[in-house]
Amino acid sequence: MTVYAQIYAVVQQIPPGKVATYGQVAELANLAGKARLVGYALARVAGDDRDIPWQRVVNARGEISYSPFRQGNDYLQRALLEREGVQFDAADRVNLRVYRWRPGEPDGHTSL
DNA sequence: AAGGTGACCCTAT
DNA sequence: CATAGGGCCACCT
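Just so you know, these numbers come straight off a predicted model, no measurement behind them.

Asker: Would you mind showing me how to read the pattern of salt bridges here?
Answerer: Oppositely charged side chains can form a pair if their charged atoms are brought close together. Applying the stated criterion across every chain, the model contains five salt bridges. For E82, the salt bridge goes to R78, with nearest N and O atoms at 3.2 Å. Residue E82 and its partner R78 are located together in helix α4 (residues 73–83), separated by four residues, close to a single helical turn. The partly exposed category is assigned to E82, whose relative accessible area is 40%. With a shortest N-O distance of 2.7 Å, R78 and D92 are connected by a salt bridge. On the criterion of sequence distance, the pair formed by R78 in helix α4 and D92 in the loop between α4 and α5 (96–99) is long-range, its members being 14 residues apart. With relative accessibility at 39%, the residue D92 sits in the partly exposed group. Each member of the salt-bridge network shares a partner with another, and the members are R78, E82 and D92.

Asker: Which parts of the structure should I look at to understand the nonpolar core?
Answerer: Side chains that are nonpolar tend, in soluble globular proteins, to be buried together. Membership of the largest hydrophobic core comes to 20 residues, with the highest contact counts inside it found for I7, V11, V25, V38, L42 and V57. Broken down by secondary-structure element, the contributors of at least two residues to this core are α1 (3–11), α2 (22–28) and α3 (35–43). Ranked by residue count, the leading element in this core is α1, at four residues. Ignoring any residue separated from it by four or fewer positions in sequence, one finds L42 in contact with V11, Y22, I52, W54 and V57. In this structure, V19, I64, L96 and Y99 belong to the second largest nonpolar core, which totals nine residues.

Asker: Could you clarify how one ought to interpret the protein's contact with DNA strand C in this entry?
Answerer: As a structural note, the neighbourhood of DNA strand C is formed by V3, Y4, G33, K34, R36, L37, Y40 and R44. Among the atoms of DNA strand C lying within 4 Å of the protein, the sugar-phosphate backbone contributes 79%. Within the side chain of Y4, a nitrogen or oxygen atom sits 3.1 Å from a sugar or linking oxygen of DNA strand C. Side-chain polar atom of K34 to a phosphate oxygen of DNA strand C: 3.3 Å apart, as the coordinates give it. Within the residue set of the surface near DNA strand C, elements represented by two or more residues are α1 and α3. Looking at the surface near DNA strand C element by element, the count peaks at three residues for α3.

How each quantity is defined
- Residues numbered from 1 in each chain as written.
- Chains lettered and ligands numbered in written order.
- Predicted model: local features only at pLDDT ≥ 70, side-chain atom pairs only at ≥ 80, totals over all residues.
- Heavy atoms only, no water.
- Salt bridge = Lys/Arg side-chain N within 4 Å of Asp/Glu carboxyl O.
- Helix = DSSP H or I, 4+ residues; strand = E, 2+ residues; numbered from the N terminus.
- Buried < 20%, exposed > 50% of the residue type's maximum accessible area, 1.4 Å probe, protein only.
- Core = buried A, V, L, I, M, F, W, Y, C linked by side-chain atoms within 4.5 Å.
- Contact = heavy atoms within 4.5 Å.
- Near = heavy atom within 4 Å.
- Polar contact = N/O pair within 3.5 Å; in protein donor to acceptor, adjacent residues only side chain to side chain.

See the structure below:
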């Protein structure tokens, strides 16, 4: 069982229309504090593996992590999320209080 | 086999 | 709000 397998297993549980942060995924995969590994692991499957909803992972501020290394996948990420109903604010961020996925609550009830 | 690197995160200034 | 620095660790030369 590699650390990647654990990371992918967690990401696959994120339901459509919801997002999780890198740090959150790391914690759920028993890799607390190793958020970078999550990004690294996802970089290896993006565009390659369609079984993993990589677009549902954003950074701790609710932003998509843009990088030239992603060759457009970052922009694609936003398009995919919007297609799922996730809305971005004027600062290009998603409101984590509304869209953050909470394990155990399949259809996150957005109570403030 | 050692060193650079990356889709991160947190705290302090 | 912005910048800076430390911690993290598997992957690829």
